[in-house]
Every structure is written in structure tokens, then in C-alpha cells.
Amino acid sequence: MIKTKENSMIVGLDVGGTHTDVVLLGNEGLLKEIKVLTDSSDLYRTVLTGLEKLLEGVEPAKINRIVLSTTLTTNAIVQKKLPQVGMIVSSGPGIDPKFFCTNSHYFAVSGSIDHRGREIEPVDKNEIENISGILKNEGIRNIGVVSKFSVRNPSHELIINEILKDSFTKIFLGHQISGNLNFSRRIATTYLNAAVYPLHKEFFEAVNKSLKEKGLMVPIHILKADGGTMSFESSIDSPGRTILSGPAASVMGSIASAPDEEESLVLDIGGTTTDMAVLINRIPVLEPLGIRLGGYKTLIRSLETRSIGLGGDSVVKVEDGKINIGPERAGPAMAYGGPVPTPTDAFFVMKHIKNGDKKKSIEGLKSIAKGIGTSYENAAHEIVDQTCRKILEEAQDMINLINRKPVYTIHEIKEGYHVKPKKIIVLGGPAPHFAEYLEKLSGYKVSVAPRWKVANAIGAALARTTCEVTLFADTEQKIVAAPEERFSISVKEGFTKDDAVEKAFDLLKQKALQRGANIDDLEMEILEDLQFNMIRGFYTTGKNIRIKVQVKPGLIHEYESIAERLL
Amino acid sequence: MLRAKYKTGLVFFPAFDWAISPTHPEREERLLYTQDQVFEEGLFDIDGIQELKPDIVTIKDVQRVHFCVPDVEHVTTESHFISAGGAKRIGMAVLDKEIERGFALVRPPGHHAMRVVHGARGFCNVNIEAIMIEYLREAYNIDKVAIVDTDCHHGDGTQDIYWHDPYTLFISIHQDGRTLYPGSGFPNEMGGPNAVGATINIPLPPHTSEEGFLYVIKNVVLPILDDFKPDIIINSAGQDNHYSDPITNMNFSAQGYAALTSLLKPDIAVLEGGYSIEGALPYVNVGIILAMAGIDYSKVKEPNYDPDSIRQTPEITSYIKKLGEEILINWEQKGKIEEKIRGAKELDERDRNIFYDTDSLHEKQKETIRVCSDCSGAIRIDSSSDLGSHILAIHIPRKACRDCKGLGYKWYDTADASKYDMIFLQDRTENKYLTLIE
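Keep in mind that what you see is a predicted model, and the values were worked out from it rather than measured.

S.K.: Mind showing me how you'd approach the overall build of chain B here?
M.R.: When you go through chain B residue by residue, the secondary structure sums to 12 helices and 16 strands. A compact globule built from 438 residues would reach a C-alpha radius of gyration of about 22 Å, and chain B, at 21 Å, matches this within 12%. In chain B, which comprises 438 residues, the proportion classed as buried is 57%. Long-range pairs, those at least 24 residues apart, make up 74% of the contacts in chain B with a sequence separation of at least 6.

Right, here's the structure in full:
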């Protein structure tokens, strides 16, 4: 029986493509780690098996936090196994909304709101009632409602919701999904939320129930793509945020060993793919708008990551006299009984690695060497070199992309902040093999994340709750609002940017706590604060203020001592 | 799935921290609602539309075009370097074939800035299109350029810079100068003695609507462009012909601007004026961007758009038709007109008084050009402003003949230095820019 002084054990679980990793952390550090094979056709069984194995001999009452990161919603989207939902979209002037069509039950309706949130054309209630009838007849249960500029004025979405609410199970409103402008992404995001909702709800209710039966009463937290967590309860209203949490788990797992005042590149080298991300002072760089997945561009906040089809188990073959690596995987390396040579086999040839059959690797590499007319040792070098170069090139490309992001003020252009990581952190199965070669090729210091095999599950376990609030004020119209937070009040003329920031932080704090954050763990920051004088004729008629604040992604402070013990 | 027919690049630089003065039309707020509309429409997400980061132009890029008194730094701010840099970035992306077409949605504007710059005119300090074009001519293999200026105000700065250049066709379509700043831009302004016909002015009467603008593009501008055969077409895309613009009197619309862009097919568009920041710019810019990319723009309309209420009168229609005929005749007869203007002159001179409305300055200018059949001709400008500075500026054109180059250096070397505060030389043949200071 594992014992700790206090009830402070944490469970982290990350479902990967091949393996599902589960860890148990306590005051002493990593207490236990489990790997089980992922059965993507039955993730419930996979998750439960992983948890059961981990918790053998552990007293349930000692667990005070469980964080899960799954591929449930990601898989459903990528494999296009989404149930029917109804989409009602009101656009007004601009690009024809037919171009943003997400699914077969997609209705573009009248009604229009302008960029300042003023109503131009009202909702046609009869039109909505007719559509409601059609959707009911078709047996549709879940609905998404989106209007253009609803983040400035949500009234049309709310009116439509009012008409529909008694006829359907769950209705997702665009303005409650994100505070950002981008109509087409708002449509796609609302659609995905409505579409993954039944799957998500059923899955986590089942997991929750099973855990309760085992005596685990603590609330479940779920990892999001931005590297933060949310409570199961709050995930019901935004299940889309669970999409692509996998890469986020690994990045969070690397933070414990990242330098404090430097930029680092994180490479999670798996069997099939390598995921990359950038940390600045231990804070991951976020995507400016949101996830792109399965042809959808969304407003789901996420880390800026890139994934390439190149890993330790990538298939190595000779084509036209040249070595070709990946993107497919045919099984483990030959050293571990796999069918074809892989980069891992190349490492077996070049280094002394325990627990594998080096002869098998040599055999595989010889066939490659023959194809390019060289020795198998040279072939091994060539394979490792090519793999590392490709990974570094992609990483450089991602960094260039981060640096190319446009800015809109002279101040920002002059400041010209450029990301230039000087350190690489690698994790994932074959990480230690790659480290020395990446260091040679890049000239950067390369370190292997502690507990590199399960760093992803550790990342999930230790990640804090994150969220974002977007608020605007238009003092000419005398409003300050954050529609995503269902907040809107009238203000007087003297309302300033400082007042707006204060209000935004208030809302952020409430939101974070409601999503399961610890009060001591609210590392809040301003992402954007703009104030414009509005001049009409020659007179100042008001101020237009835009604020965006967030709780930064990072590790829970309380668990920093645990994180340190991992090093 | 929405996909651009033409790969289109956009530099969006709203300069949210720069204004001429807090209540000036050229202030921080100007592109705020355009940004909202562009972001909400998700234009940067469309396949084939990409956002590019602006460059910052160099001092030399500015000197290639302007004589700045006393120097470049004194008559510009950082935002001018970035807005010209936005245009330059787009131009490079087009010529590098990174994109097929591009739009620099930048501020401050530039088309009222002339070759000599003592200060700001019509909200402009330096000419961002000219800085881009002359950079592109230096760095890439392009020669003939057409600029179609569709700002409501006459592009008098661009006209001044290219007045003597037969390789640059400058067409300005604007509200009649008898009714609007800067008061110039009449059909008889056709270019200097070495470049007659390369400047074309199409002054439209107040209240011209879609019909009139599109008529002029189809029946006057496109045939002339076909004839001139430029290497690239640039649109100075001012948006103040809009029916809601507070400082002009035209009846153009977002649909009209988009249709104009579709017809004109500019390789590069650069934002100029346009001060109806809520009612026009958000829709006009979305319309222009979609039209450049070759995407359906039929639903891009202002909330209060009513084509019947802004329709031009039959009198305007027939006036424009007649004007178009006059301009086409001028174009056909430009050779004869040039001969007549040149006569037997070896040098041609013009004296001008130039008013800088934004900075309340007056400039007196005497310009001398060598009449030349082999190149654009060497230019000598004697200029003084009521700030007290008196300068001499000599321009040796890009493809100068030996005689013109020789004359340029002779003017420069033999100038009476005691008479001037500064003497400038622009030698485009060697990309060399000199200043002598007393």
C-alpha cells in the first residue's frame, strides 16, 4: 500500500494514439506510472482499465484530484462520426453564409446586427418557428445558434434560443462559445460543440459513475487544448474545448523542467508523430484564434502546436535511391519485433541500447544500406540525420510563423519581439535517443524532460484551470459587456480603460473559480487593452474600449514541490 | 468551401496608436470598425487570402522619390515608414509571386505628397505608392506602371511625381476640382513636355453614382490601359467617393467599389482616403478584398444601402459620357499635343504656388526640365517655403540619357551654394542621393 502523509494524491491520465499513460503523483513525486494499450473503439474501457490498474492498492480517499485528457472528441471529428445537429445562422450583409455551411441541417435566416452591436434587421420569429418544426420532425435533439456580431450584441441568439428552448435537448449559442470576432469560426465552433455534446456527456457521466462506485468522490477535471483544465460540470457547456488536448498534455509535462527566463522549444517525439510547441518563460505560446482540425477552423483556444508524421517508429524505406522516412507507422521498431526498419532501429545500430534485439535492427538496416549502396552503419547515420533535420526544419518553420504574426500598432512593430528558442526539451518514448543528435545538429542545448515516457500524463495532472474573458465598452451607447460571460451593464460617460480592466479581471476570477480553479492559483494577465476616442463631427462622443484578459496556462502552484521532485 | 480565385495578400496596418491630432479624421479610430468587419467576416481564414506583416521602408526608399526639407526624419513619423512599408511588402510579394494580387490596407495615406516635401498636405507626408513603385523598379525588372487613383480627391501628389515620366501612366478619377480639395485635376492636365498623355484626369461631377464610375472604368480607363500595356497596375484605393463620406459629395457604394475592383483587376491596391469610418469603410474594404480575391461579394452591402436613393441624374450620365469622349480623344492625339507643347524649346519651365493645408504652409516652386526625346528629362527644382528654407533639387531620371545626366550633374556642381540652404541630387541611374548643406 502506497502511503502519503496527507490526502494529496493526484491522478493524471492521457489517452494517446497507441498508449494511454496514467500517473499517480504525491508529495514524494511520481508514485506510480501505468501504460495500457489504447483501444480507440472503446475509450471508456481504456480509461477505466488504466485507472483501475493505477489505483490497485491505493486508498481512494487519498486522491484529491483527477485530470483526464482523452482523444474522444478529436477522434469523432477526424473520423467524421458526428451525430446530426441543427444549425441556425443569421448573417446580415457580408459573405454569403452558405459558404460557411457545416452540416445538412443548416439554416441561414434573416436578422442582422452591425459591428457596433446595433440591430439592423430584427429576427423573424415565424421563420424560426418553422425551422424549429422541421428540425423536430427530423428528430434533431441538439442545436447551434449563431448570429454575426453576437459577441457585440447577443440578443438575436437569445431570442432564437427562447423560441427553441422547450423543443430541444441542448442549444449552444455562438456568443457563449468565445468572445472573439470571427463569424465563420463561430459557426464551426458552435457546430462542433453541439455535435460532440452527446458523446462527451455520455462518456464522462459513465466514467464519473464508475469512479464513484470505486469510492472516488473527487470531481473530475478535463484537460483542454490550451493546456488548462476545466471541471466536468463546466465542460458540459463547452465540450469542444476538449478537442486536441493531447499535444497540450505533453507541453504541460515539459514545463516543470523548462528554464525560467528563456524560450524553449518542446518536442514530443512519439512512435508515429512529433508534436512541437514553444515555451516563453515557462508559458506556452497560444494560437491566436483557435484550433484547426478535420477541415474546421475554430475559436477553441489552444496552444500553438504543430504535428508532423515522423517519430521513432516511422517506416524507413528506399525510394529512387533515396531514404524516405514516414509518415506511416507499421508497428514497433524491428528491435522490438516490428516488421520494418525505423529510426529507432538506426539508434540501435549506432548506440548501445538495452532491452532490444540489435541483430534485428542491423538486419533491417542492411536492406536499406543495400538500396542506397552504403554500409548499414552509414545508413543508420543517414536515417538519424534526416529524421532530426526534418524535425528541426519544421520547428523552425513554426517559430517563423509565430514571428510573422501581424501587429497593429507602431509600438508593437518597434518593439519587434522575436521568439528565438535557445533550448530544446524532448520527451516521449524515443526522446533520449534523439537528444544528442538534435543537439549536434541544432547547436542548442537539448535536455530530456524528466519522466519523459509519461510526461504527458504528468502535464495533465499538474495543469491549472485556465480561461479567458473578452470585454468591450462603448460609452457612446453607454454599455459595457462581456456577452460570453452573460454580462452587460450600462455605464456613465466617465468609464475608463482602467475600470474596464478591473471589471474584466472580476469576471475572469469568477469564471476561473466556477471552472474549478483554486483561488490561490489565478495568474491573470492582460492580453489586449485598447481605448479609442470616438469622434463624430468634431466632438468626442464616447470611448470604445476593448479588453482581453486570461489566466495563463501553467502548473498549479500548490504542486510545484511535486514538480520539483520529478526533476 | 470558400476559396480565393486569385491568391491575395493583405497588409492590415491600422496604426492604432497614431493620429494627426486627436479629433482629426486621420486618427486612431479610423480603421477600427474595418478591423471588426474584416475579422468578423473571417477574411484571413479564406483559402488563398493571407495576411502579411508590413515592412518598414528605409530613408533611402523615401529619398528615391522625395526631396524632404530639411530631411526625411523631419517630415515623417514612424507610421509613414510603416504605411509605405506595407505597400512595399505587398509589391514585393506580388513580384516574388508569393501572391497574385495584394492590398495594403494601411494608414496614413500618401497621394497628396509631391516630389518636394516641406510638410503635410491633404493628410499626406510621403507618397506611399511612389515609394513602393520606385523601390520595385530598382529591385525588380519592371518598367511600365499604371496607377489608377480612385480616391475622391485629385491625386495631385502622385501626379506631380510622375508628371514628366512617360513610363508611368497616372489616371485620377475624382470629384471635380471646382467643388473639392485640392482644386486641381482637369482633363487638360496631361503631363509635362516629355510625357504628354501619361497623366489623365477624369473629374466627375458631384453625386456621381455606381453607374458613372463603372461607365468611366469600362469605357475610358480599361481601353487606355489596354493600349498602354503596363507591367503592373496599381490602384490608389481611396474610399471617400462613398455616399456616406463626411467630407465629399459623391454617391458611390461598397457594391460599386467591389465591381470597380473586379473590372480594373489591379495587381496592387493601396488604401488612400475614406473617412466614413463606420458606415462605409467596413463594407467597402470587405468588398474590395473579396473582389481582389475573386470571391462572390454580392451580399456585401451597407446596412442602409438603397441604390435608388443614390442614383445619379440623367444629366450627370450624359455629362460623363461627353467627358469620356474628350479624354479618349486626348489620349489618341497625345503625340500631336506633345509636339505642340514642345515646339522648339530646349528647356521648359513652370512656376507654382503649393499650399500645404494640413501644416498650413506655402511653397513657391520653379521647375525646369530638359525637353528630351531620349529619356524622361533632367529636372531642376528651385523651391522655398514660408518656413524660410530655400532649396535646389535636381532629379536625374531612371533611364536618363547621357545629355540629361550630364546636365543634371552640371546643375548640381555649378549651383550657387550661397543662394540655397540645401542642394539635393537624386541620381536614379546610380541609385544615389546626395545633399549639400550650407
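S.K.: Sorry if this is basic, but what is going on with the nonpolar core here?
M.R.: For soluble globular proteins, the rule of thumb is that nonpolar side chains tend to be buried together. By size, the foremost hydrophobic cluster in this structure holds 136 residues, and its most contacted members are I131 and I288 of chain B. Counting residues per element, this core draws most heavily on helix α9 (residues 281-293) of chain B, which supplies 10 residues. Here I131 of chain B is in contact with V57, D61, V62, V65, A84, K88 and V126 of chain B, once residues within four sequence places are set aside. Formed by 134 residues, the second largest nonpolar core is a distinct cluster that contains V23, A188, I255 and L265 of chain A.

S.K.: Can you walk me through the domain arrangement of chain A in this structure?
M.R.: One frequent convention defines the size of an interface as the accessible area lost when the parts assemble. Residues and elements named next belong to chain A. When its domains are assigned, chain A resolves into domain 1 (86-195), domain 2 (309-448) and domain 3 (467-551). One C-alpha centre belongs to domain 1, the other to domain 3, and the line joining them spans 25 Å. In this complex, domain 1 contributes 9 residues to the contact, which on the side of domain 3 involves 6 residues. Split into classes, the residues belonging to the side of domain 1 that touches domain 3 amount to 2 nonpolar, 6 polar and 1 charged.

S.K.: Mind showing me how you'd approach the pairing of strand β2 (residues 19-26) of chain A here?
M.R.: Residue and element names in this part refer to chain A. Across the 8 residues that make up β2, a large majority, 8, are buried. Neither face of β2 is left uncovered, since the one carrying H19, D21, V23 and L25 and the one carrying T20, V22, L24 and G26 both have all their residues buried. When strand β1 (residues 9-15) meets β2, the two strands line up antiparallel, connected through 6 bridges. Among the inter-strand pairings, L13 is bridged to a residue of β2, identified as V22. Here β1 folds back onto β2 in antiparallel fashion, the turn holding 3 residues. Pairing analysis gives 8 bridges linking β2 to strand β3 (residues 29-37), with the strands arranged antiparallel. Counterpart to G26 in the pairing with β3 is G29.

S.K.: Looking at this structure, I do not really get the interface of chain A and chain B. What am I missing?
M.R.: Contacts between chain A and chain B engage 31 residues on the former and 35 residues on the latter. When residues in the side of chain A that touches chain B are grouped by element, the largest group, 5 residues, is from strand β26 (residues 524-536) of chain A. Class assignment of the residues belonging to the side of chain A that touches chain B gives a composition of 16 nonpolar, 8 polar and 7 charged.

Conventions and cut-offs
- The residue numbers shown here count from 1 along each chain, following its written sequence.
- Going through the entries in the order they are written, you letter the chains from A and number the ligands from 1.
- In keeping with the predicted nature of the model, local features appear solely for residues at pLDDT of at least 70, side-chain atom pairs appear and are counted solely at 80 or more, and the whole-chain, interface and lining totals rest on all residues.
- Only DSSP runs of H or I reaching four residues or more are called helices, and only runs of E reaching two or more are called strands; each is numbered from the N terminus.
- C-alpha atoms define the radius of gyration, and 2.2 Å times the number of residues to the power 0.38 defines the globule rule.
- Here the C-beta atoms are placed from the backbone, and a residue counts as buried if at least 20 other C-beta atoms lie within 10 Å of its own, exposed if 12 or fewer do, and partly exposed otherwise.
- Here, residue contact means that the backbone-derived C-beta atoms of the two residues sit within 7 Å.
- Linking buried Ala, Val, Leu, Ile, Met, Phe, Trp, Tyr and Cys residues through C-beta atoms within 7 Å yields a set, and such a set is a nonpolar core.
- All the domain ranges listed were derived from an automatic or database domain assignment.
- Note on residue categories: nonpolar means Ala, Val, Leu, Ile, Met, Phe, Trp, Tyr, Cys or Pro, charged means Asp, Glu, Lys or Arg, and polar means any other residue, Gly included.
- Pairing between strands requires that DSSP locate at least two bridges from one strand to the other.

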